[in-house]
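Commentary on secondary and tertiary structure
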Amino acid sequence: MSNRCRALRLTIVVAFAGLLQACDIDLYTNLDEREANAMVAVLLRDGVPASRKVQDNGQLTVVVDEKRFAQAMALLDEAGLPGQSFSNLGQVFKSNGLVSSPVQERAQMVYALSEELSHSVSEIDGIISSRVHVVLPDNDLLKRVISPSSASVLVRYDPATDINQLIPQIKTLVANGISGLSYEGVSVTAIKAAVAGQRSGAQPRLASFLGMWMLEDNLPRARLIFGFLLLCTLGLAGVIGWQHWQRRGAQSVYVLEDAQ
């Protein structure tokens, strides 16, 4: 009877979990722990149930309710997550076993500078994402007219940030990062990040029940469903126990009759 009761309880709990658990969908994959934690924190703070899932390669996947997919994407985009990925100098100039041409090496250098500077600019507080386009003219030493280097910077910033105070710092950072580039040779285009709709003052609150996240308003209904299923489980266990007791009583009667 004990094994049957345990099996019944397990079946009821699984069925209850199936009723409460929404259909989850992968939001982002191949994330490190810090980035996955940041995403889940942003989503939970804004009332979107989210969780992490470990992949076979050790990296993480962030999963959300399929019905909240669009909202989750908007919230993460507003928060600038996931962060930009940049190539460093070592990755750009990784040897491939072939001899590089001067043109290829120059293109790699320009790309590496752009990536390194984009990464540095994106680290500034208030900057959500950035791109730095570097122009290094191929000047001939025999020419009298030398074309100066230049750089164009595109930044997407948080609406709460005073970008006018950051632009001089960005121009100085980029100019000092490229040999022969002057402060005047750096142009910055700043775009304010769009806010994902107006939100109400009171954010929806989440609560955990049986290891599952749900809106706090739905918690009483979940407890009611669980209580009903638990009563059904106990009722079924009682019926099975009574039937088992009846069978044992009948067997005892048969044994006594046979002994007589």
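Above this text is the structure in question.
In this report, we go over the structure that sits alongside the text. Quick caveat, the model's predicted, so the values are computed rather than measured. (Residues numbered from 1 in each chain as written. Predicted model: local features only at pLDDT ≥ 70, side-chain atom pairs only at ≥ 80, totals over all residues. Heavy atoms only, no water.)

Here's the deal with the overall build of the protein
- Along the protein, the regular secondary structure elements total seven helices and eight strands.
- By residue count, 29% of the 260 residues in the protein fall in the buried class.
- Considering only contacts in the protein between residues 6 or more positions apart, those separated by 24 or more positions represent 63%.
- About 17,300 Å² of surface is accessible on the protein, with carbon and sulfur atoms providing 56% of the total. (Helix = DSSP H or I, 4+ residues; strand = E, 2+ residues; numbered from the N terminus. Buried < 20%, exposed > 50% of the residue type's maximum accessible area, 1.4 Å probe, protein only. Contact = heavy atoms within 4.5 Å. Areas by Shrake-Rupley, 256 points an atom, 1.4 Å probe, with all protein chains shown as cover.)

Some details on the sheet that holds strand S1 (residues 24-31)
- A sheet is described by the order of its strands in space; here three strands give the open sequence S1-S3-S2, paired in antiparallel fashion. A single partner strand is all that each edge strand has here, and the edge strands are S1 and strand S2 (50-54). Averaged over neighbouring strand pairs, the angle between their axes works out to 30° when direction is ignored.
- Bridge count for S2 against strand S3 (residues 60-65) is five bridges, and the pairing is antiparallel. (Pairing = 2+ DSSP bridges. Axes fitted to C-alpha atoms, helices over the stretch in contact; angles between N-to-C directions.)

Remarks on a nonpolar patch on the surface
- The grouping of Leu 230, Leu 231 and Leu 234 at the surface amounts to a nonpolar patch, some 290 Å² of accessible area in total.
- Looking at where Leu 234 falls in the secondary structure, it is placed in helix H7 (residues 219-259). (Patch = residues over 30% accessible without salt bridge, like charges linked within 9 Å, V, L, I, M, F, W, Y side chains within 5 Å. Salt bridge = Lys/Arg side-chain N within 4 Å of Asp/Glu carboxyl O.)

Focus: the pairing of S3
- For S3, the buried fraction is high: six of the six residues fall into the buried class.
- The hairpin formed by S2 and S3 contains five residues between the paired strands, and Gly 58 there has a positive phi angle of roughly 90°.

A word on the pattern of salt bridges
- For the structure shown, the criterion picks out five salt bridges.
- With its nearest N and O atoms 3.2 Å apart, the salt bridge here joins Asp 26 to Lys 53. Of this pair, Asp 26 sits in strand S1 while Lys 53 sits in strand S2; the two residues are 27 residues apart in sequence, bridging distant segments of the chain.
- Notably, a salt bridge pairs Arg 45 with Asp 46, separated by 3.3 Å at the nearest N-O pair.

Comments concerning the side chain of Ser 114
- Assignment of secondary structure puts Ser 114 in helix H5 (residues 102-122).
- Among the residues examined, Ser 114 registers a relative accessible area of 11% and is labelled buried.
- Beyond its immediate chain neighbours, meaning those up to four positions away, Ser 114 contacts Val 132, His 133 and Val 134.

Notes on the sheet that holds strand S5 (residues 150-157)
- Taken together, the three strands give an open sheet; going across it, the order is S4-S5-S6, and neighbouring strands pair in mixed fashion. Sheet topology places strand S4 (127-135) and strand S6 (186-192) at the edges, where each strand pairs with a single neighbour. Direction aside, neighbouring strands of the sheet carry axes that sit 15° apart on average.
- Here S5 pairs with S6 via seven bridges, running parallel. What sits directly across from Ala 151, in S6, is Val 186.
- On the sheet, helix H6 (residues 163-177) packs against S4, S5 and S6 and is oriented at approximately 140° with respect to S6.

Here we look at the packing of helix H2 (residues 33-45) against helix H3 (residues 69-78)
- Remark: H2 packs on H3, axes separated minimally by 10 Å, with the N-to-C direction vectors making an angle of 115°. By crossing handedness, the relation of H2 to H3 is classed as right-handed. Contacts from Met 39, Val 42 and Leu 43 in H2 reach Ala 72, Leu 75 and Leu 76 in H3.
- In terms of residue class, the contact of H2 with H3 is built from six nonpolar, no polar and no charged. (Left-handed = near helix turned anticlockwise from the far one by under 90°. Nonpolar A, V, L, I, M, F, W, Y, C, P; charged D, E, K, R; others polar.)

Some details on the environment of Gly 47
- Of note, Gly 47 is situated in the loop between H2 and S2.
- With 21 residues separating them in the primary sequence, Gly 47 and Arg 68 have C-alpha atoms 10.0 Å apart.

Observations concerning H6
- The terminal C-alpha atoms of H6, which comprises 15 residues, lie 21 Å apart, in line with the 21 Å expected from a rise of 1.5 Å per residue.
- When H6 is considered as a whole, its buried residues turn out to be Ile 163, Leu 166, Ile 170, Lys 171, Val 174 and Ala 175. Down the axis, H6 shows its buried residues gathered within 165° of arc, on one side only. Turned more than 90 degrees away from the buried face of H6, the exposed residues are Gln 165 and Asn 176. (Expected span 1.5 Å × (residues − 1). Arc of directions from axis to C-beta.)

What to know about the environment of Glu 115
- Along the chain, Glu 115 turns up in helix H5.
- With 19 residues separating them along the chain, Glu 115 and Val 134 place their C-alpha atoms 9.7 Å apart.

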